[in-house]
Amino acid sequence: MKIELVPVDDSNREAVLALSVREDQPFVAPNGYSLKEAEEANAETPGVARPFAICADGRTVGFCMFSFAPKEEDPADRYWLWRFMIDKNEQDKGYGGAALREIIRYFRDNGADRLYLSTEPENEKGLHLYHKEGFRETGAVSGGEAALMRMLKGRNRTVRDFDGIDVDRRLRIRGKCGYGVSIAISDGEDTTTYCSGSGRYGQDFPVNPDMLFQAGSVSKPMFALTLLRYVDRGVIDLDADISGVVPEYVKKGPVTFAALLSHTAGYNLHGFPGYRADHAPLSLEDVLDGRGVTPRLRRIRPYGKQYMYSGGGTTLAELAFTRMTDTTLREAFEKEVAGPLGLTRSGFFQPLDEERVPNAAFGGRLGEKEDPAHGYHYYPERAAAGFWTTPTELTKIGIALGRSWRKGGFLKKKTARRMLTPVMEDETYCLCVENLRGDVGYHGGCNEGFLTEWFFSLREDLCVASMVNRSEDSVDEAQMRIAIELFQNAEEDVAGERGRRGWKSFCGRYEHPEDADFCIDEVFWREGDLYARCVRGDEEFTSKLYPIGKNAFGRKGGFARIEFGEDGLRLNGAAAKKLR
């Protein structure tokens, strides 16, 4: 058998167009569509798409198409097997494996050090062939297709990076039976996921995009969203005194939902440790009266005078909400949030339904230390810590909230603006969510054995969510940095090349405003990008800037908004003149 890859031209185009797969193999686009795609790609970037007929002993038996872009900065974007198919009448003759080996040889001979492809997880026959020829899953899934890769030089190791980030190394994800991570990035149309490691420490239990994780304090914005739907209907008033609804916990009024959701009501109980999964049920009154493992709720700071994070205040708000609406938070979320947004896996499941346990992650090593069948804690404080979800569904919620901020929809525009407007000067916290830089929503979460990071844009459709089943401080910091990096990379990709030619005019020295604890000393150009030399107190450091709007930039590694004008810049709204 002699297998050849022959470039598609007028001499073999009709033969390629005549090829097709079986009806039960809907994993490959029609060849006519692929050839049109190749023409469009090559019109934009000549030579990037390379279509070939697969010939066996002179007969056309299949088709393949490559993406060849060796100048791409990210190695994962350089060499791809875009299309690969064998005609339905030529399958099971050994052509697939022989052709794939010839494809690998072609890439290796043309300087590629690695090769990527993607396919649906349901393509069992294709996956068997790819695995046989050395391809392995990278953990990334985009558009419903799992990415696989094979090294072509040196040892055939799998590089499990996500958007250029070595997630596994930074989160210390090791082996099949350690801890695991699940990440999703969405632009409102396409969602890309990354999964790695085990959802249950000590077990070979691979994380998948639909696996449930506890969201920790990200439960709070989910509760706020639910409550604000009632605000939009006029059922609840954020600023009304609700002390009469929960009189046993308010000795002296007033108290409002707005104060409780913004952590300015002065209550204690920062967070909750949870209980063994088989613990007897506790009511909200049990928690607030101190009949669990946490002290009784009490006010320890003046009402409305300062920000002090309080899961206890959130729990009091949940109790008032359930009494006023005569419904549970779980039922209200299903009706007001999950239903309208098409969420099927998210909810305040406390305790977790048994039918959901088979695809639920366990927190840390709780499966070994407490209950082998239910390795997670029970949180009766649902609004504060009781939410189960997936990163993919968190991105759907973030996109909906960002759209509501811009033009209304899931929430009325004025309601979304109220939710995402800081309640106190010099604070970023709003109503159960933070507003970073004026255009980024954020909340993190930590339950026993679980960590969550959730960022969403208010300017455009963009959301990143990351969840791990490990809760050490070092992992918390690493996960936050990864989530920020992914979010800012996506922001930069959305902005693209707009206005890059004019950026050099922003370079120069800038004044240090009086009493500013953070300022930009100098903006300079380096290797095609804009950088800022920043000063914070006695510390100096350099940050790359990236576009987030017309003459507006963000700072990589942190959240700051830099706007350039004719005479200077504004850093988070504070003006600084350009030095001449």
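Structure: see above.
Overview of the structure. Residue numbers here run from 1 along each chain, matching the order of that chain's written sequence. In view of the model being predicted, local features appear only for residues whose pLDDT reaches at least 70, and side-chain atom pairs are presented and counted only at 80 or more, with totals across whole chains, interfaces and linings using the full set of residues. Hydrogen atoms and water are omitted, and side-chain values are computed over all heavy atoms in the structure.

Some remarks on the overall build of the protein
No. 1: For the purposes of this entry, the term helix denotes a DSSP run of H or I that reaches at least four residues, the term strand denotes a run of E that reaches at least two, and both are numbered from the N terminus. Regarding its fold elements, the protein presents 15 helices and 25 strands.
No. 2: The globule rule used here is 2.2 Å times the number of residues to the 0.38 power, and the radius of gyration it is set against is calculated over C-alpha atoms. Computed over its C-alpha atoms, the radius of gyration of the protein comes to 27 Å, within 12% of the 25 Å expected for a compact globule of 580 residues.
No. 3: Principal axes of the C-alpha set define a box for the protein whose edges measure 90 × 70 × 40 Å.
No. 4: Among the 580 residues that make up the protein, the fraction classed as buried is 56%.
No. 5: All accessibility values rest on the Shrake-Rupley procedure with a 1.4 Å probe; residue burial counts only the protein chains present in the view. For the protein, the accessible surface area stands at approximately 25,800 Å², while carbon and sulfur atoms represent 46% of it. For each residue, the accessible area found with a 1.4 Å probe, counting protein chains only, is set against the maximum for its type, and the residue is called buried under 20%, exposed over 50%, and partly exposed in between.

Regarding the environment of Leu282
No. 1: For Leu282, the position within the fold is in the loop between strand 11 (275-276) and helix 8 (284-288).
No. 2: The class for Leu282 is buried, based on a relative accessible area of 15%.
No. 3: Expressed as a C-alpha distance, the spacing of Leu282 and Gly292, which sit 10 residues apart in the sequence, is 7.7 Å.
No. 4: Any two residues whose heavy atoms approach within 4.5 Å are treated as being in contact. Look past the residues within four positions of Leu282 in its chain and what remains in contact with it is Tyr275, Gly292, Tyr378 and Pro380.

Examining the sheet that holds strand 19 (residues 518-526)
No. 1: Strand pairing is defined by DSSP finding a minimum of two bridges between the two strands. The 8 strands are arranged 18-19-20-21-22-23-24-25 in an open sheet whose pairing can be described as antiparallel. One side of each edge strand has no neighbouring strand; the edge strands of this open sheet are strand 18 (508-509) and strand 25 (574-577).
No. 2: With 2 bridges connecting them, strand 18 and strand 19 associate as antiparallel partners. Residue pairing across strands places Arg509 opposite Glu522, the latter belonging to strand 19.
No. 3: Of the strands in this sheet, strand 21 (539-549) and strand 22 (552-555) are in contact with helix 15 (residues 473-495), which crosses strand 21 at around 45°. A fitted line through C-alpha atoms represents every axis, and for helices the fit uses only the stretch in contact; the resulting angles, taken between N-to-C directions, go from 0 to 180 degrees.

As for the packing of helix 6 (residues 219-232) against helix 9 (residues 311-325)
No. 1: Two elements in contact, helix 6 and helix 9, have axes whose closest approach is 11 Å; the angle formed by their N-to-C orientations is 30°. Viewed along their axes, helix 6 and helix 9 adopt a mutual orientation that is roughly parallel. As for the relative orientation of helix 6 and helix 9, their crossing is left-handed in sense. Only Gly311, Thr314, Ala317, Glu318, Phe321 and Thr325 of helix 9 make contact with helix 6, whose side of the interface consists of Lys220, Phe223, Thr226, Leu227 and Tyr230.
No. 2: Residue composition of the contact of helix 6 with helix 9, by class: 5 nonpolar, 4 polar and 2 charged. Comment on the angle field: the value is read as roughly parallel under 35 degrees, roughly antiparallel over 145, roughly perpendicular from 65 to 115, and oblique elsewhere. A crossing counts as left-handed when the near helix is turned anticlockwise from the far one by less than a right angle, and as right-handed when that turn is clockwise. Charged residues are taken to be Asp, Glu, Lys and Arg, nonpolar residues to be Ala, Val, Leu, Ile, Met, Phe, Trp, Tyr, Cys and Pro, and polar residues to be all remaining types, Gly included.

Side note on the pairing of strand 2 (residues 49-56)
No. 1: In terms of residue burial, strand 2 counts as a mostly covered element, since 7 of its 8 residues are buried.
No. 2: Bridging between strand 1 (residues 3-7) and strand 2 involves 5 bridges; their strand directions are antiparallel. Within the sheet, the bridge partner assigned to Pro7 lies in strand 2 and is Phe52.
No. 3: Both strand 2 and strand 3 (residues 59-68) contribute to a ladder of 8 bridges, which runs antiparallel.

Re the pattern of salt bridges
No. 1: Each salt bridge in this description consists of a side-chain nitrogen of Lys or Arg and a carboxyl oxygen of Asp or Glu lying within 4 Å of one another. Taken as a whole and assessed by the stated rule, the structure comprises 40 salt bridges.
No. 2: For the salt bridge of Glu133 with Arg101, the shortest nitrogen-to-oxygen distance reads 2.8 Å. You can see Glu133 sitting in the loop between helix 4 (124-132) and strand 6 (136-142) and its partner Arg101 sitting in helix 3 (residues 95-109), a full 32 residues away along the chain.
No. 3: You can call Glu133 buried: its relative accessible area is 11%.
No. 4: Residue class for Arg101 comes out partly exposed when judged on its relative accessible area of 40%.

Comments concerning the packing of helix 6 against helix 10 (residues 329-341)
No. 1: Helix 10 packs onto helix 6 with a crossing angle of 80° between their chain directions and a minimal axis gap of 9 Å. Regarding the angle of helix 6 to helix 10, the classification is roughly perpendicular. Counting all contacts with helix 6, which are made through Met222, Phe223, Leu225, Thr226, Arg229 and Tyr230, the residues of helix 10 involved are Leu329, Ala332, Phe333, Glu336, Val337 and Pro340.
No. 2: Per-class residue counts for the contact of helix 6 with helix 10 are 9 nonpolar, 1 polar and 2 charged.

Section: the packing of aromatic side chains
No. 1: Here is the rule: rings of Phe, Tyr and Trp (six-membered ring for Trp) pair when centre to centre is within 6.5 Å. Planes less than 30 degrees apart are stacked, more than 60 are edge-to-face, and the remainder are tilted. The tally for this structure, following the rule as stated, stands at 38 aromatic pairs.
No. 2: Look at Trp388 and Phe450: their rings are 5.9 Å apart centre to centre, the planes differ by 75°, and that puts the pair in the edge-to-face class. Here Trp388, found in strand 13 (residues 388-389), pairs with Phe450, found in strand 16 (residues 450-457); they are 62 residues apart in sequence, far enough to count as distant. Phe450 shares its class with Trp388; the two are buried.

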